[in-house]
Each structure stands twice: as C-alpha cells, then as structure tokens.
Amino acid sequence: MSFVEYSEFIQEGDIAIIFLGHDSMMPVKVQQGAQTQTRYGVIRHSKDLIGQRFGTKVTCSKGGWVYVLHPTPELWTLNLPHRTQILYTTDIANITMMLELKPGSVVCESGTGSGSLSHAILRTIAPTGHLHTVEFHQQRAEKAAEEFREHRVGHLVTVRNQDVCKEGFGVTGVADAVFLDIPSPWEAVKHAKNAMKRQGGRVCSFSPCIEQVQKTVEALADEGFQEISTLEVLLRVHDVRTITLPLPDFGSDQPLETPTDTPVPSNASVLCKTTTPPRDMAGHTGYLTFATKPSV
Amino acid sequence: MADNGDNDSQHRVNEGDYVVLKRGDIYKAVQIQKKKKTVFEKQWFFLDNAVGELYGTTFEVVTGGTLQPRKPKLVESSADAKEAGTDNRNILDDGKSQKLTRDDIETLKEQGLKGQEIVQQLIENSTTFRDKTEFAQEKYIKKKKKKYENSVMVLRPSCRVMAMMYHGREPGKICHLRYDTLAQMLTLGNIHAGSKVLVFETCAGLVLGAVMERMGGYGSVVQMYPGGGPVRAGMESFGFPSHFHDTLHEFPICHVNALLAGALDTEAKDIDADSGQANGDKSNLTQTGPEKAESKECSPDTKDQCMETSTSTDPAADKEREEREKLREIRGQERKVKMEEKRKKLAAAAAVLEGRNADGLVIASRFHPCPVLLGLIKFLAPSRPFVVYSQYKEPLIECYTKLKEQGGAVSLRLTDSWIRHYQVLPNRTHPMLLMSGGGGYLLSGTTVATDTPKMGSTRGEEPAAKRLKLTETTEG
C-alpha cells in the first residue's frame, strides 16, 4: 500500500480505511496482533486484515460487518487527524487542475498544516515530481514528516520548518507551481516568484477573507504576475430519496346514491424518486486566487 | 539549482507543437505550422515567429499578419494627476461623446497604429472622458483595450486550458461539462501515474486527454468507445509525447458482453474490430469475418475467381491487366496487414480488461449513464473509485438506485459543483456579474467485493423515509 500506488493485498504497516456505513469511516494502522474496536465488534488485524484483499467485507466479533478500503488522498482527507483547519476535496480538485499539476511537477507549498492537500499533491506528482512543503510550527512539521514516511511517500517530499514569509521555500528556480495557505500570503509572493522556474509557472493562494485576497492580488500584480483570477467553488450534495406523496381526494363526480353515505376515503399516493438537498451545506471555505508567472 | 540555457528547450515552442492561443478569456487550440495562415478572433496571422520563443509569451499581431513578441509590460503609469470627475450626475449618454467615427478608426488601423495608440486617440477624442470618475476611466480604458488590442498569448496545452476552451467555445461537444466538474472527476477518480484507468466518453477526447495528462505516460488507459472508432481530437490537441500513446488502448463496447462472458475470440484471424456483428458466439465471429474482409476489393485468395476471363490476346491490354492485378494484390496485402494490426490491438485491449482489475472508471457521455456504469463497473477491482458525469440529474438518480440494489459499491454520492469568479480591484471587489448556471452532475463511489451474498437488510446509506409530520433531518 502507498498513497501514490495501489496494491491488492493488505500488509502489516499499511494504513487501511475501515468503512462502517453511511459517511462513517476510520483509518487504521495495520499491525500484527493488534485489534480495532468498532461499533460492530472487534477487528483482529492478523486474522481479518493481513493478507486480505482491499475492498473485502470483514465480519467483526459482534457479527456486524465492515469494508476495508485502500487509502486514497480523498479518503485520507475525510479521516485524517486535524491539527489545523484543512482543505477539502472540492477545493483540492480545482487547485490541482488550475495549477496544472501532473507527474513530474515540482511544487512548493506553505503551510503544510495537517497534510490534506499535501497528500493529494503527492499522488498527482508521483513518481518523478517533488513537493517542498514549509510549516512554521515545529510539532506540526515533525508530525507531517512522520506521516509522509508512514504513508511511504517520504521520498517525494521535503518538509522544512521555517517561516515562508521570511525565508522562502528553501529552493529557488525549480517550482512549476506554488501554493499558499497562510495568514499573510502577500508577504510570500516574492518568495513564491523566486521559488518558481525562470520560464514560468502557476501560483495559487487560498484565503478565507476577502481583504486577504485584495492584498494578495495587489502583490501579485506588482510582481508582474499575469492571468490573475479569483474564484470560489462549493459542492452541493444531492440526497437520493424515495418519497411518498399522498394524492388529494376530491371525491366522486357521480351523485351519491344515499345522501347520508360518506365517501370512502382513498389512500392513493404516488412514489417519487428524487433528490433533496441536505439541511445545511458548506457555504464558504475560502477564495482561490490563481496567477501565472510570465517567462522572463 | 539555477536553470541554464539547456533546460530552456523544453519550454520553447517548436514547429509542429500543439499550442493554445489566448486573448482575454478566448482560447483556441492550433498546431504550429510554418507559412500557414491561422485565424483567431477575426484576425489572420502566421505563427512562424512563435517558434523558438518561450511558452507563455505574449505577441502583438502586426500588419502583414506576423507575430512580434511583446516587450515585457512595464508597470502601468498610474493615472494620478490626471483629470477625473466625482460621479456621473452630469454625464449624458447621448452617443455623441466620441468624436472619431468608425471610418476614422479604420484609417488609424490601416496606418498601422498599435492598439495602445488607438486607445489613446479614443481617449483624447472623447468629450466626457475627463468627467468620468477614476474608476470609470479605468473601466473605459480596459474596455477599449479589449476591443482594439491585438495581442495573442501562446500557451502550452493543459487540462485547465483545454477544458476552459471547450467549455467556452463548444460546450455541446463536451456534454456541457464545466472545467471545475472535470477537475472533480480527475481527483475523485484518483487518476494518477501507474494505474489502469477505463474511460468512456463522448467529449471529443477532452476527458481522455485530461486523464492521460494525469497519468503522465505511466500505467495504461483503455478508451471504451461506441460506434466505429474512438474520437481523439481533443486528446491530440494536448500534444502528448509519442510514448504516451503506447499506454493508450481502445476497445469497442460492442464486444463488452462477449468479453465479460469469456466468449470473445481475439485469435480469429478475420475478426473485424469494428464489426457490429459480435454477439458473443465464437462461430459467428469467424463467420462474419471473411464477408467483411472482402468488401470491394477481392482478397488475394479469391483473386482467381474475380479475375476477368482473359479473352483478348492484346499484349498492351494484358500488361494493363497484370498491373491492375499487382495493385489489387498489394492493396489486398495492405488490408490484411491493417486487419492484423486491428486484431492485435483488440487482443491487447482485451488482455488489459480481462483481469477485471482496473483501478478507476471515468464515464462522461451523452449515453444513458446507467447501463454504461453497470456494464463497465464489472471491470473494476474492489476498493477502487469510479465517477460518472451526466449533464442531467435524473439518469444519475437511476444509477444510484440500481447500484444500491445490486450492491458492490459504497460511498455513493450525487453532487454538483458551484463556481463563482470575482473581480478584485481596490474598492471595487465583487463577484462577477455573470455566473455559470450549471456544470453538470457527478455520481461517485468506491467499489467493494461482491462475493458474499447480501446479508439480510442492506445497511442502507439512504436514511429511512421519515414520517410526513416530522421535519426532515438526515442521519449523521
């Protein structure tokens, strides 16, 4: 198992995603002799996981069952331990496409945070690309590096514990793309420009507040970036439902035989297969600002 | 780590490259061919001067139809100390404020004035310009620049650029798939180097190209196609290096059932990959073969029967006949070689599919998605993602329902994506006035093993229907 390559069978040391049902999942580190408690009972790693195929159904001690899934960055995003607010798949997908990431891309990112976007980037740039990620919080930087090693992607990433606004990304002239998710991205625009290849590249800044966006756009324009564009994306989920709608009873159009007879109420109803929106939805995550560094 | 001149070559435009021309929000995919006139935004020009320049360079179209690299833009001289008004209360929009006529402007154009200079002329000949507010002046200048500037940027094709181009120019060709929806598909499908991905699309090859870009030439892609042959125009415009094509297979869907039933005989010498006759029966396939192969020309074996009986003894006529025969033989051989190639390709694609261990499935077509999904999902290994695009919601509701019934998939989600662009300017920041109304719908999910028979009741992901009186709330 690795986050950048599929494998068929579960092995010791793998991360597996236990799927319990409707939107309920949990990550598990597979180890000989270990056990995992779920609401359906106990899963014994040695017997139930190791050697099994990803995707199989596992019966737990209480008789209930779960599925064991191969990890993907998308599943990881939904199950990772939050050390900071994270980016979700909707934004990640657009960032990936708009930054033109692909195998071989060299990417600079700051801040690393909980590594949600990092895993998605690594998946996309493997096997020949590299991610330089900067995190100014020491424990978070260490935890991220540890996770990358555990997830078998350590060879594709370099974690640096420094302040990107003061010291940059630690590399110059190598990046095809730069991503900023920091409180003051305008302070890092110059460093982003330096980290990027001389022949050009793409940059993205993610900010929750419009004031941050304004300052960043100004900084990008001042540094000569082109194609500056700001957008936001939201995902709407449609819950598929079968609903029953009763039909009204307007009575019979024939005169009643005996006036005292009450018409027999009909219980006719119609079944509809449709979707309904959830009660709440994510209304805002952040604004995404993209730009192109022109070739010098 | 500084890059030197050697690295440059891969960043420079070469003859024969597929590129994308850009002006503002308008894109067009073209191939660089010297001395060939290209039309873009009502202008004709030659792309010759782009060769050797870096990708991302902006050019001016000068008189004569040639491109000239534009000097790097100096920081725009701020319009301070220029005259401006405070509001528009006294500005009359009577259409008479511009003193230059259309003919005047044409004359200026013919004289070879650059776009910037024409805009300057328009400003000087506008009676109301200095009464406008600074913001209004900026807006006016931007608008005129857009109209009279003739700059063209030459971009390297990428999924981003191609998806925006198709969506802006020919949405009908791509089933109105909006670029952010395509972005979701690539990510939800976990498309990455080294995997084996199945693609069924009728989006002019755009989706195929996007998938191949994310694969980087590693792994394999099988394009399932309806009808006579796979459509790849959009994919070709990505300009992938030739070795990418080695990872690409194609398989006609008319043979899917045969393959699933184990009845597809790809060894049969006469199999025609495009034959719509396949019905899963070995004998039938070999029978329909020879009939198709013959068509107009006679195959070398039957040459003797087709040949005209020679009656005349005219040596000239004889020679002519001999040449005709030779030609027929050559053409016959060529057809045999082609048929053999097709057969080999079909066999190769079938071999890739047979194992039923594909890592991903991407569907985006004008066909009803339900049968497509239910048919092709059988080729996926367990614990792998699939994503289905449809311009409409209802067909996906059907897919969702049927998949729930038959099992074998979890985390089913029907979604659509909402996107909004912003204008960001000091004191003038707001969402754009026009917004995309819709970008299509996606159904995504993950396969699971289907060996065990369904136990009792399904652990339904769909919450049980609530009683009418209660307000609807969803589970966890």
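Residues numbered from 1 in each chain as written. Chains lettered and ligands numbered in written order. Predicted model: local features only at pLDDT ≥ 70, side-chain atom pairs only at ≥ 80, totals over all residues. Heavy atoms only, no water.

Visitor: What should I look at first to understand the interface of chain B and chain A in this one?
Guide: Quite often, the size of an interface is put as the accessible area lost when its parts meet. Chain B puts 75 residues into the contact, and the matching count from chain A is 75 residues. In total, chain B and chain A occlude about 6,600 Å² of area from one another, counting both sides; carbon and sulfur atoms represent 57% of this. Across the chain B-chain A interface, the total number found is five salt bridges. A salt bridge links Arg198 of chain A to Asp8 of chain B, with the nearest nitrogen and oxygen atoms 3.1 Å apart. Counting every contact that joins chain B to chain A gives 21 residue pairs in polar contact (both at pLDDT 80 or more). Mapped by element, the contributors of at least two residues to the side of chain B that touches chain A are helix 1 (5-8), strand 7 (151-155), helix 5 (159-169), helix 6 (179-188), helix 7 (206-215), helix 14 (394-406), strand 13 (409-423) and strand 15 (441-447) of chain B. Top contributing element to the side of chain B that touches chain A by residue count: strand 13 of chain B, with twelve residues. (Contact = heavy atoms within 4.5 Å. Buried area = accessible area lost by both parts, 1.4 Å probe. Salt bridge = Lys/Arg side-chain N within 4 Å of Asp/Glu carboxyl O. Polar contact = N/O pair within 3.5 Å; in protein donor to acceptor, adjacent residues only side chain to side chain. Helix = DSSP H or I, 4+ residues; strand = E, 2+ residues; numbered from the N terminus.)

Visitor: Hey, could you run me through the packing of helix 13 (residues 369-376) of chain B against helix 14 of chain B in this one?
Guide: Angle between the axes and distance between the axes: these two values describe a pair of packed helices. All names here are of chain B. At a minimum axis distance of 8 Å, the contact between helix 13 and helix 14 shows a crossing angle of 35 degrees. In this structure, helix 13 crosses over helix 14, and the sense of that crossing is right-handed. Taken together, the residues of helix 14 that come into contact with helix 13 (itself represented by Pro369, Cys370, Leu373 and Leu374) are Pro395, Leu396, Glu398, Cys399, Lys402, Leu403 and Gln406. When its residues are assigned to classes, the contact of helix 13 with helix 14 shows eight nonpolar, one polar and two charged. (Axes fitted to C-alpha atoms, helices over the stretch in contact; angles between N-to-C directions. Left-handed = near helix turned anticlockwise from the far one by under 90°. Nonpolar A, V, L, I, M, F, W, Y, C, P; charged D, E, K, R; others polar.)

Visitor: Would you mind going over the sheet that holds strand 6 (residues 65-69) of chain A with me for this structure?
Guide: Pairing between the strands of a sheet comes from backbone hydrogen bonds, and it takes one of two forms, parallel or antiparallel. Residues and elements named next belong to chain A. Ordered by their spatial adjacency, four strands build an open sheet running 2-1-6-5, and the pairing between neighbours is antiparallel. Across the chains shown, the open sheet's two edge strands, defined by having one partner strand only, are strand 2 (24-29) and strand 5 (57-59). Looking at each pair of strands side by side, their axes are set apart by 35 degrees on average, direction ignored. Sheet analysis places strand 5 next to strand 6, joined by three bridges and oriented antiparallel. Following the sheet pairing, Val58 is matched in strand 6 by Val66. (Pairing = 2+ DSSP bridges.)

Visitor: Explain the side chain of Ser110 of chain A to me, please; I cannot follow it from the model alone.
Guide: Turning to its location among the elements, Ser110 of chain A is positioned in strand 7 (residues 106-110). Residues within four places of Ser110 of chain A in sequence aside, it is in contact with Val134, Val164, Phe169, Phe179, Leu180, Asp181 and Ile182 of chain A.

Visitor: Looking at this structure, I do not really get the sheet that holds strand 2 (residues 26-31) of chain B. What am I missing?
Guide: All names here are of chain B. Taken together, five strands build an open sheet; the order of strands is 2-1-7-5-6 and the sheet is antiparallel. Two strands lie at the open edges of the sheet, namely strand 2 and strand 6 (66-69), each paired on one side alone. The mean inter-strand angle of the sheet, taken between neighbouring strand axes irrespective of direction, is 35 degrees.

Visitor: Looking at this structure, I do not really get the UniProt feature "binding site: S-adenosyl-L-methionine" (unreviewed entry) in chain A. What am I missing?
Guide: Residues and elements named next belong to chain A. Those residues carrying the UniProt feature "binding site: S-adenosyl-L-methionine" (unreviewed entry) are Ser114, Gly115, Ser116, Leu117, Glu135, Asp163 and Asp181 in this numbering. For Glu135, the position within the fold is in the loop between strand 8 (130-134) and helix 5 (138-150). Ignoring any residue separated from it by four or fewer positions in sequence, one finds Glu135 in contact with Gly111, Thr112, Gly113, Arg140, Ala141, Arg160, Asn161 and Gln162. Among the polar contacts made by the side chain of Glu135, one reaches the main-chain amide nitrogen of Thr112 at a distance of 3.3 Å. For Asp163, the location among the structural elements is in the loop between strand 9 (157-160) and helix 6 (164-167). Each residue touching Asp163, except ones within four places of it in the same chain, is listed here: Phe136 and Gly168. (UniProt positions renumbered as here; feature names shortened; annotations may be inferred.)

Visitor: Before we go on, may I ask you to explain empty space enclosed by the protein in this structure?
Guide: Gaps left between atoms are located by rolling a probe of water-molecule size over the structure's atoms. Under the definition given, this model contains two cavities of 30 Å³ or more. If you add up the space inside the second largest cavity, you get close to 30 Å³. When contributions to the lining of the second largest cavity are tallied by element, the ones reaching two or more residues are helix 3 (89-98) of chain A together with helix 5 and helix 7 of chain B. Residues of the lining of the second largest cavity, tallied by class, amount to three nonpolar, two polar and four charged. (1 Å grid on protein atoms, 1.4 Å probe; cavity = no way out; pocket = protein on both sides within 12 Å on 5 of 7 lines; lining within 4 Å. Points joined across faces, edges and corners; volume = space filled by probe spheres on them.)

Visitor: I keep staring at the environment of His151 of chain A and nothing clicks. Help me out?
Guide: All names here are of chain A. Along the chain, His151 turns up in the loop between helix 5 and strand 9. Distance from His151 to Asp176, taken between C-alpha atoms, is 24 Å for residues 25 residues apart in sequence. Excluding residues within four positions of it along the chain, His151 makes contact with Met1, Ser2, Phe3, Ile15, Trp76 and His119.

Visitor: Would you mind going over the packing of aromatic side chains with me for this structure?
Guide: The description of an aromatic ring pair rests on the distance of the ring centres and on the angle between the ring planes. Applying the stated rule across the entire model yields seven aromatic pairs over all chains. Between Trp65 of chain A and Tyr67 of chain A, the aromatic rings sit 5.7 Å apart at their centres with planes inclined by 70 degrees, giving edge-to-face as the arrangement. Residues Trp65 of chain A and Tyr67 of chain A agree in their burial class; the two are buried. Aromatic pair Phe200 of chain B and Phe367 of chain B: ring centres 5.7 Å apart, planes at 70 degrees, arrangement edge-to-face. Of the two residues, Phe200 of chain B is situated in strand 8 (residues 196-201) and Phe367 of chain B in the loop between strand 11 (360-364) and helix 13; the sequence distance between them amounts to 167 residues. Three or more aromatic residues joined by ring pairs make a cluster, and in this case those are Phe238, Phe240 and Phe244 of chain B. Sitting over the face of the ring of Trp65 of chain A, Lys57 of chain A holds its NZ or CZ atom 4.0 Å from the ring centroid. (Phe/Tyr/Trp six-rings, centres within 6.5 Å; stacked < 30°, edge-to-face > 60°. Buried < 20%, exposed > 50% of the residue type's maximum accessible area, 1.4 Å probe, protein only. Lys NZ or Arg CZ within 6 Å of the ring centre and 35° of its normal.)

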